[in-house]
Amino acid sequence: MSKPTTITLDKLQEANAGLVLSGQIAIIDNFRLDEMPRQAQLVDCHLLWLCEAGSAKYVCDTNDYVTCPNDFSIISRGQLIEDFHVSPDYKGVGMVITQEFYTEIIRNVHELASIFLFTRNNPVSHLLDNEADTFKLYRNKIKEKIAEKDHIFRTAVVQSLFTTMVYDLGNAIFRIEKQQMQPHGHTRAETIFFKFIKLLAENYREERQVSWYSRQMSISPKYLFEMVKEVSGRTPNEWIDTYVVKEIRLMLKNSNLSVKEIANEMHFNNQSFMAKYFKFHVGMTPTEYRKR
């Protein structure tokens, strides 16, 4: 099985004729991926785009998504995207930033990390009209500044505008996050849940026991269970299994690793144990899933 090709800022800029600043940020007026290869592609940058008209369908990390007008998508570096289709009346506008640009911004906007953590598992957010207009306003202003090649502080101004845009977009995403994850307003529960998710995202390859996560958070497994269930409607074990199974699926579909090597990567005791675990959750063995 061949490895996935890579989506980079340069490839997107070339395919969509975007305006670029120092190879770090591109503004794209007609954002679409359907003219690129349909097979799985590894994103080596960060994609932000707004659907203005029509609809687009794509698969991200093996999950299906549909975007409609005012739907805002964020695809982060390291995610896999494939099978991008658009309707005849589709129109989307977007931005692409490199990891270097992202790292520079995140130094000053710590909230950006939690925004991208949320959007990694919820890549599509529906914006209100004023929120969508705000994104387009910032995007157009950034485009205008990139075009001012004689502006001595052009790079600094673009970074400042992008940072401010992140705060405004962050406010919209936190609104959506609160609606989805905290319908009853349990601040303590939300704090515990996101600490758990952060730990899980960093350690799910090695740690699959709820007790390990509760120890890192200095709370009991029972309390962790109650808080996570209250906020998300799912148990800690269900979240752990979701992360682990998704990772195994991605490796089976997009790598040349053998099942045994994947079992080692995911820290299972042996190949047989991982095969039983995978079949319990997916309904077929890893070999059957890879051949599908």
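Residues numbered from 1 in each chain as written. Predicted model: local features only at pLDDT ≥ 70, side-chain atom pairs only at ≥ 80, totals over all residues. Heavy atoms only, no water.

A look at the environment of Asp89
In step 1: Note that Asp89 resides in the loop between strand 9 (80–86) and strand 10 (91–97).
In step 2: Through-space distance from the C-alpha of Asp89 to that of Ser55 is 7.7 Å; in sequence the pair is 34 residues apart.
In step 3: Not counting residues within four places of it along the chain, the set of residues in contact with Asp89 comprises Ala53 and Gly54. (Helix = DSSP H or I, 4+ residues; strand = E, 2+ residues; numbered from the N terminus. Contact = heavy atoms within 4.5 Å.)

As for the confidence of the model for the chain
When pLDDT drops low, the exact placement of atoms in the prediction is not to be read closely.
In step 1: For the chain, per-residue confidence averages 85 on the pLDDT scale, and 89% of positions sit at 70 or higher.
In step 2: Of all the helices and strands in the chain, helix 3 (residues 111–121) carries the lowest mean pLDDT, 67, while helix 7 (residues 210–216) carries the highest, 95.
In step 3: Throughout residues 182–186 the model reports pLDDT below 50, and contacts reaching past four residues in sequence, or to other chains, amount to seven contacts. (pLDDT = per-residue confidence, 0-100.)

Some thoughts on the environment of Val59
In step 1: Its location among the elements puts Val59 in strand 6 (residues 56–60).
In step 2: Between the C-alpha atom of Val59 and that of Phe84, which follows or precedes it by 25 residues, the distance is 7.0 Å.
In step 3: Once residues within four sequence positions are removed from consideration, Val59 is found in contact with Asp64, Leu80, Ile81, Glu82 and Asp83.

Looking at the pattern of salt bridges
In step 1: The final tally for this structure, using the stated rule, is 13 salt bridges.
In step 2: Its salt-bridge partner being Glu52, residue Lys136 comes within 3.5 Å of it at the nearest N-O pair. Highlighted residues: Lys136 in helix 4 (residues 129–147) and Glu52 in strand 5 (residues 46–53), separated in sequence by 84 residues.
In step 3: Residue Lys136 is classed as partly exposed on the basis of its relative accessible area, which comes to 24%.
In step 4: With a relative accessible area of 27%, Glu52 lands in the partly exposed category.
In step 5: Measuring nitrogen to oxygen at the nearest pair gives 3.1 Å for the salt bridge that ties Lys141 to Glu144. With a gap of three residues between them, Lys141 and Glu144 both fall in helix 4, about one helical turn apart.
In step 6: By relative accessible area, Lys141 is classed as partly exposed at 35%.
In step 7: Overlapping salt bridges bring together Glu52, Lys91, Asp133 and Lys136 as one network. (Salt bridge = Lys/Arg side-chain N within 4 Å of Asp/Glu carboxyl O. Buried < 20%, exposed > 50% of the residue type's maximum accessible area, 1.4 Å probe, protein only.)

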